[in-house]
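These are the residues of each chain, in order.
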Amino acid sequence: MALTSVEMEEMENIFALLVLGSFVGLPAPPTFLAVELLPFMERELKVLSRRAEDAGDMLAEMCGTLGID
Amino acid sequence: MKILFFTGKGGVGKSTIAAASAWQISGRARVLIQSLDPAHNLGDIFGVNLGNGKQKVSETLVLQEVDLQKLARDYLERETRVLGETYRYLQVLNLDNYFSILKYSPGIEEYALLTSIERTINEETDFDYIIFDTPPTGLTLRFLALPSVTITWIDRLILIREKILEKRYTIQKIRRPLKEGEVPREELLKYDSGEDAILRRLRCLRDNYNRLNGLLQGPECTVVLVFNPDMLSLRESQRLVEGLRELRLPLRLLVDNKVTDKNLGMAARVEKILESTAPGIPVERVPLSEGLYEGTEATLYRITKDMGSRF
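Analysis parameters
Throughout, a residue's number is its position along its own chain's written sequence, starting from 1. Starting at A for chains and at 1 for ligands, labels are handed out in the order in which the entities are written. Only residues with pLDDT of 70 or above have their local features reported here, since the model is predicted, and side-chain atom pairs are shown and tallied only from 80 upward, although totals for entire chains, interfaces and linings are computed over all residues. Segments assigned H or I by DSSP are reported as helices when at least four residues long, segments assigned E as strands when at least two residues long, and all are numbered from the N terminus. We call a residue exposed when 12 or fewer other C-beta atoms sit within 10 Å of its C-beta, buried when the count reaches 20 or more, and partly exposed for counts in between; the C-beta positions come from the backbone. Contact definition: two residues whose C-beta atoms, as placed from backbone geometry, lie within 7 Å. Note on definitions: a nonpolar core is a set of buried residues drawn from Ala, Val, Leu, Ile, Met, Phe, Trp, Tyr and Cys, linked by C-beta atoms within 7 Å. Lys, Arg, Asp and Glu make up the charged group, whereas Ala, Val, Leu, Ile, Met, Phe, Trp, Tyr, Cys and Pro make up the nonpolar group; the residues left over, Gly among them, are polar. Strands are labelled as partners when DSSP assigns at least two bridges between them. For helices, the axis comes from a line fit to the C-alpha atoms of the stretch in contact; other axes are also lines fit to C-alpha atoms, and the angle between any two N-to-C directions lies between 0 and 180 degrees. In this scheme, roughly parallel covers angles under 35 degrees and roughly antiparallel covers those over 145, while 65 to 115 is roughly perpendicular and the rest are oblique. The sense of a crossing depends on the near helix, which, turned anticlockwise from the far helix by less than a right angle, makes the crossing left-handed and, turned clockwise, makes it right-handed. pLDDT is defined as a per-residue confidence score from the predictor, taking values between 0 and 100.

A. Summary view of the overall build of chain B. Counting its regular elements, chain B contains 10 helices and 8 strands. Taken across its 311 residues, chain B has 34% of its residues classed as buried. Within chain B, counting contacts between residues at least 6 apart in sequence, those at least 24 apart form 77% of the total.

If you want it as structure tokens, here you go:
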């Protein structure tokens, strides 16, 4: 289940990246699409920023996935 | 209800031809003519002073000029409000400042335009004809392309979203049910596709755009291309014809405007080339009017050609 959770979070992360990619220089969808969806994306934004913060620490990431405290 | 778009390079006489057609059609049907061009001159043509409102020229003809910048501003304000309500805790940050930057982002103007057209089509059901006088080629092509481009994006995003919800469903089903009064240790995520706000919004947007696209590509819609007998106008018109074909928008009439005795030869050549670019589309030739007319009785530059009967 931990793996599924990670997978889900990763997909949420990708979703947020796709919609809001223009903020980090990715090719983005029409701006207004991002504006339309932005109000509902609180969780995705949180995941996005957390993933960005954790990206440097793969070991901790793996420990988290395997449930090692 | 029929929808007409008058397109062409800047200065070829889109507004004039649109106004003349509107005037002619208004003899037999109810017509709304709306200018989307930031450089409005519909009011000048009919000799009336338009605010941002509508004005009746005759019993069957109504004029309207749309302020694009105001549209974009209104749209952003609406979104900012929703955003402010959802992200209350972010209000301490400088959100307003952020959105004032968004105003300059590419796409907002086209989107405001498209929204305006959509609203006009949906709301103005009292009219038999709605005539749009469009802004210059570049912007026109971009906003006409918007529905297709957006649908592609929305489709992909919906796919990803559905996958996410599937995963959430799996996770929820593995967890044991909550006991009465128990507070979940982590956030419970909605997995039902009807409850997910993002998926709902995406589907709603997709329906909207599919409908709009169907309308624009359908039998009720007509695109008229206005050009002049000169090289620049020919080249731009060719690009426009190709752009319209790619978007599968129904170009149904070419208007060769400002033809005089002197440029008759050029006019014939330009028409021939355009006819080969857009085979099967009829061409109307409109002579240049030399006189300067003023006031409401200008009878629209004395355009005698009855273009109205084409639609």
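On we go.
B. View of the nonpolar core. All names here are of chain B. Core analysis: the biggest nonpolar cluster contains 82 residues, and Phe6, Ala19, Ala22, Ile33, Ile131 and Val224 have the highest contact counts within it. Sorting elements by how many residues they give to this core places helix H6 (residues 137–174) first, with 9 residues. Residues in contact with alanine 22, not counting those within four places in the same chain, are Val31, Ile33, Leu61 and Ile131.

C. Representation of the interface of chain B and chain A. Taken together, the 28 residues of chain B in the interface contact 24 residues of chain A. Listing elements by their share of the side of chain B that touches chain A, those giving two or more residues are helix H3 (68–86), helix H5 (108–123), H6 and helix H7 (197–217) of chain B. In terms of residue count, H6 of chain B provides more of the side of chain B that touches chain A than any other element does, 14 residues in total. Residues belonging to the side of chain B that touches chain A are distributed by class as follows: 17 nonpolar, 5 polar and 6 charged.

D. Main features of the pairing of strand S5 (residues 129–133) of chain B. All names here are of chain B. Counting buried residues in S5 gives 5 out of 5 residues, a clear majority hidden from the surface. The pairing of strand S1 (residues 2–8) with S5 spans 5 bridges and is parallel. Its bridge partner being in S5, lysine 2 is matched across the sheet by tyrosine 129.

E. Quick peek at the environment of glutamate 242 of chain B. Residues and elements named next belong to chain B. By the element assignment, glutamate 242 lies in helix H8 (residues 231–246). Glutamate 242 sits in the partly exposed class, given 13 other C-beta atoms within 10 Å. Sequence spacing of glutamate 242 and alanine 278 is 36 residues, and the spatial spacing of their C-alpha atoms is 8.4 Å.

F. Layout of the packing of H6 of chain B against H7 of chain B. Residue and element names in this part refer to chain B. Running from N to C, H6 and H7 cross one another at 150°; their axes reach a closest spacing of 9 Å. The angle between H6 and H7 falls in the class roughly antiparallel. Two packed elements cross with a definite hand, and for H6 against H7 that hand is left-handed. Every residue of H7 that contacts H6 at Leu144, Pro147, Ser148, Thr150, Ile151, Ile154, Leu157, Ile158, Arg161 and Leu165 is listed here: Ile198, Leu199, Leu202, Arg203, Leu205, Arg206, Tyr209, Asn210, Leu212, Asn213 and Leu216. Classifying every residue of the contact of H6 with H7 by side-chain character gives 14 nonpolar, 4 polar and 3 charged.

G. The arrangement of unusual backbone geometry in detail. All names here are of chain B. Look at arginine 248: it is not a glycine, yet its phi comes out positive at around 55°. For arginine 248, the position within the fold is in the loop between H8 and strand S7 (251–259). Here lysine 258, not a glycine, exhibits a phi torsion of approximately 65°, which is positive. Relative to the helices and strands, lysine 258 is located in strand S7.

H. Inspection of the confidence of the model for chain B at higher detail. Of all residues in chain B, 83% have pLDDT values of 70 or greater, and the mean over the chain is 81. Here the prediction assigns the complex a pTM of 0.75, and the interface score ipTM is 0.77.

I. Geometry of the pairing of strand S4 (residues 61–65) of chain B. Residues and elements named next belong to chain B. Extensive coverage of S4 is indicated by the burial of 4 of its 5 residues. As defined by bridge partners, strand S2 (residues 31–35) adjoins S4 across 5 bridges and the pair is classed as parallel. Bridging across to S4, isoleucine 33 finds its partner in leucine 63. Between the end of strand S3 (residues 54–58) and the start of S4, which pair antiparallel, lie 2 residues.

J. Spatial organisation of the environment of serine 26 of chain B. Residue and element names in this part refer to chain B. Mapped onto the secondary structure, serine 26 falls in the loop between helix H1 (14–25) and S2. In the structure, serine 26 is positioned 32 residues away from serine 58 in sequence and 8.4 Å away in space, judged by C-alpha atoms. With sequence-adjacent residues up to four places away left out, serine 26 is seen in contact with Val31, Ser58, Thr60 and Leu61.

K. Representation of the sheet that holds S1 of chain B within the structure. Residues and elements named next belong to chain B. The 8 strands are arranged S3-S4-S2-S5-S1-S6-S7-S8 in an open sheet whose pairing can be described as mixed. Of all the strands in the sheet, just S3 and strand S8 (283–287) have a single pairing partner and so form its edges. This sheet shows a mean twist of 20° between the axes of neighbouring strands, independent of strand direction. Here 4 bridges tie S7 to S8, and the two strands are oriented parallel to one another. Each residue of the ladder has a partner; that of leucine 254, found in S8, is valine 283. The strands that H1 touches are S1, S2, S4, S5, strand S6 (221–227), S7 and S8; relative to S5, the one it contacts most, it runs at about 170°.

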